[in-house]
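A closer look at the structure
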Amino acid sequence: MSTDERLALIERNTAEILGRDELRTLLDSGMPLQHYIGFEISGRAHLGTGLVSMAKVRDLTEAGVQCRVWLADWHTWINDKLGGDREVIRRIATGYFAEAMRASLLCVGGDPSTLEFVLASDLYDELPDYWACVIDVSKNTTLARMQRSISILGRQEGESVDFAKLIYPAMQAADIFAQKVHIAHAGMDQRKAHVIARDVATHLRINPLRGPGDAVIKPTALHHPLLLGLRRPPVWPVPEESARDVYAAMKMSKSDPHSAVFVHDSPDEIRDKIRRAFCPPQAVEFNPVLDWIDKIVFRIAGGPLEVARSAENGGPAAFTAYEEVADAYASGALHPMDAKAALSERLITLLEPARAHFARPEIRATLDELERAEAA
């Protein structure tokens, strides 16, 4: 595979790549490349965590990159998830969460056996200079910047937080260097941590990242787009000047089960959630149903979108590109309920491998443990 072909796979369906030219140089060098995507262990895996993330992992693997899922148990503890019980967090990380990522990779046509899982605690125990790297990152940034970066924890800038949460961004950057990661991957909501990593990269004395010829390099930061949640936006219609803030507020959340579809949801659960979704007639922007049709049905699954309608309502239709769906919806030719029904059936089919995976008793037991922990 040529560099251009590999790069095309890596950047397919991304929101942005920081360091794209540097990545091309790495690809040209022929050196083995290491990727990572890190997750807090904070609940059930929804379509953003599962399908969107693992579709990118599938592309990276096909491009010859070694992919790793970082099970961030320390970060989960710092961010007060799962009751802060470190043993429970570790079990769910290596049990439910790892299985949810394997199931998601199956749904997008990837091979789970190619994916490496690393528990943060394990690596920290093996690397005596990890915490020195955290300090090195911290010495090359400012307290103000750490305070601005707490949005990566799902916190608001200026929010009163315990001091441990200000260490989190430095740890997230240090994780990249400790693992010798060339491609740091996350959703757009984690961008600030990756920018810190790139900014400090050439100043580190502990665990600097090295490229061809042993030169110190910056990690490439690859960001996939976020999915909208199914809830109505906080303001409707959305004022143009508030668009960015409203989009961020509409992000799918695992803490709000009605805003998300989880990778192992049943067909009835999927249909019910999509049926209740915010989907204003003829409005394409800030419409989660259209957003999912674009990012999941076409960008990940490759289309088409098949609409089953009676002859009285226009008859069956098949859309082969998202632009066709958007035009039909904006004109009123595609009704919201028809769009919802078509999306539901496509998701049910797409998620069948995940449901089958979690139907296995030993795998189902990991989900049961998570549900007990969430209820505690």
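Residues numbered from 1 in each chain as written. Predicted model: local features only at pLDDT ≥ 70, side-chain atom pairs only at ≥ 80, totals over all residues. Heavy atoms only, no water.

1. A look at unusual backbone geometry
The cut-off we apply is this: Secondary structure elements follow DSSP: runs of H or I no shorter than four residues count as helices, runs of E no shorter than two count as strands, and numbering proceeds from the N terminus. Only protein chains enter the area calculation, which uses a 1.4 Å probe; residues under 20% of their type maximum are buried, those over 50% are exposed, and those in between are partly exposed.
Residue Trp-236 is joined to Pro-237 through a cis peptide bond whose omega torsion reads -5°. The omega torsion of the bond from Gly-303 to Pro-304 falls at -5°, within 30 degrees of zero and hence cis. One non-glycine residue, Asn-13, adopts positive backbone phi at about 60°. Examined against the element boundaries, Asn-13 turns out to sit in the loop between helix H1 (3-11) and strand E1 (16-18). Looking at Asn-13, the relative accessible area reads 28%, which means it is partly exposed. In this structure, Phe-286 takes a positive phi of about 60° despite not being glycine. The residue Phe-286 is located in the loop between helix H12 (267-275) and helix H13 (288-298) in this model.

2. A word on the packing of H1 against helix H3 (residues 48-62)
This is how it is decided: Fitted lines through C-alpha atoms give the axes, limited to the stretch in contact for helices. The angle between two N-to-C directions lies from 0 to 180 degrees. We call two directions roughly parallel when the angle between them is under 35 degrees, roughly antiparallel when it is over 145, roughly perpendicular when it lies between 65 and 115, and oblique otherwise. Note on contacts: a residue pair qualifies if any of its non-hydrogen atoms lie within 4.5 Å across the two residues. Residues are grouped as follows: nonpolar covers Ala, Val, Leu, Ile, Met, Phe, Trp, Tyr, Cys and Pro; charged covers Asp, Glu, Lys and Arg; every other residue, Gly included, is treated as polar.
One can describe the packing of H1 onto H3 by two numbers: an axis separation of 8 Å at closest approach and a directional angle of 170°. Our classification of the angle between H1 and H3 gives roughly antiparallel. Along the contact surface, H1 presents Leu-9, Ile-10 and Glu-11, while H3 presents Lys-56, Asp-59, Leu-60 and Glu-62. Residue composition of the contact of H1 with H3, by class: three nonpolar, no polar and four charged.

3. Here we look at the sheet that holds strand E4 (residues 116-119)
Stated formally: Any two strands are treated as partners once DSSP identifies two or more bridges connecting them.
If you walk across this open sheet you meet the six strands as E1-E6-E5-E2-E3-E4, and the pairing is mixed. Only two strands of the sheet have a single partner each, and these edge strands are E1 and E4. Taking each pair of neighbouring strands and ignoring which way they run, the sheet shows an average axis angle of 25°. Here strand E3 (residues 68-72) pairs with E4 via four bridges, running parallel. From the neighbouring strand, Leu-71 faces E4, where its bridge partner is Leu-119. Those strands touched by helix H10 (residues 191-200) are E1, strand E5 (183-187) and strand E6 (220-224), and its axis lies near 170° from that of E6.

4. What to know about the packing of helix H5 (residues 86-107) against helix H17 (residues 361-375)
We apply this condition: Handedness of a crossing follows from how the near helix is turned relative to the far one, being left-handed for an anticlockwise turn of less than a right angle and right-handed for a clockwise one.
Here H5 crosses H17 at 135°, and the two axes come no closer than 9 Å. One finds that H5 runs oblique with respect to H17. Note that H5 runs across H17; the crossing there is left-handed. Of H17, the residues touching H5 (which contributes Val-88, Arg-91, Ile-92, Gly-95, Tyr-96 and Glu-99) are Ile-363, Thr-366, Leu-367, Glu-369, Leu-370 and Ala-373. Class assignment of the residues belonging to the contact of H5 with H17 gives a composition of seven nonpolar, two polar and three charged.

5. Some points on the environment of Leu-334
By the element assignment, Leu-334 lies in the loop between helix H14 (322-331) and helix H15 (336-350). A sequence separation of 184 residues divides Leu-334 from Ile-150, and the C-alpha atoms of the two residues are 41 Å apart. Apart from residues no more than four positions distant in its own chain, Leu-334 is found in contact with Val-307, Arg-309, Phe-319, Val-325, Ala-328, Tyr-329 and Ala-339.

6. Some thoughts on the packing of aromatic side chains
Two descriptors summarise a pair of aromatic rings, namely the distance from one centre to the other and the angle between the planes of the rings. We count it as follows: Working definition: rings of Phe, Tyr and Trp (its six-membered ring) pair if their centres are within 6.5 Å, and the pair is stacked with planes under 30 degrees apart, edge-to-face with planes over 60 apart, and tilted otherwise. Counting as a charge over the ring demands two things of the Lys NZ or Arg CZ atom: a distance within 6 Å of the ring centre and an angle within 35 degrees of the ring normal.
In the structure shown here, the tally under the stated rule is 12 aromatic pairs. Seen in terms of ring centroids, Trp-236 and Phe-278 are 5.0 Å apart; in terms of plane orientation they differ by 80°. Their pairing is edge-to-face. Remark: Phe-278 occurs in the loop between H12 and H13 and Trp-236 occurs in the loop between E6 and helix H11 (243-249); sequence separation between them is 42 residues. Taken together through their ring pairs, the aromatic side chains of Tyr-36, Trp-70, Trp-74, Trp-77, Tyr-124, Tyr-130 and Trp-131 make up a single cluster. Just above the ring of Trp-74 sits the side chain of Arg-86; from NZ or CZ to the centre is 4.9 Å.

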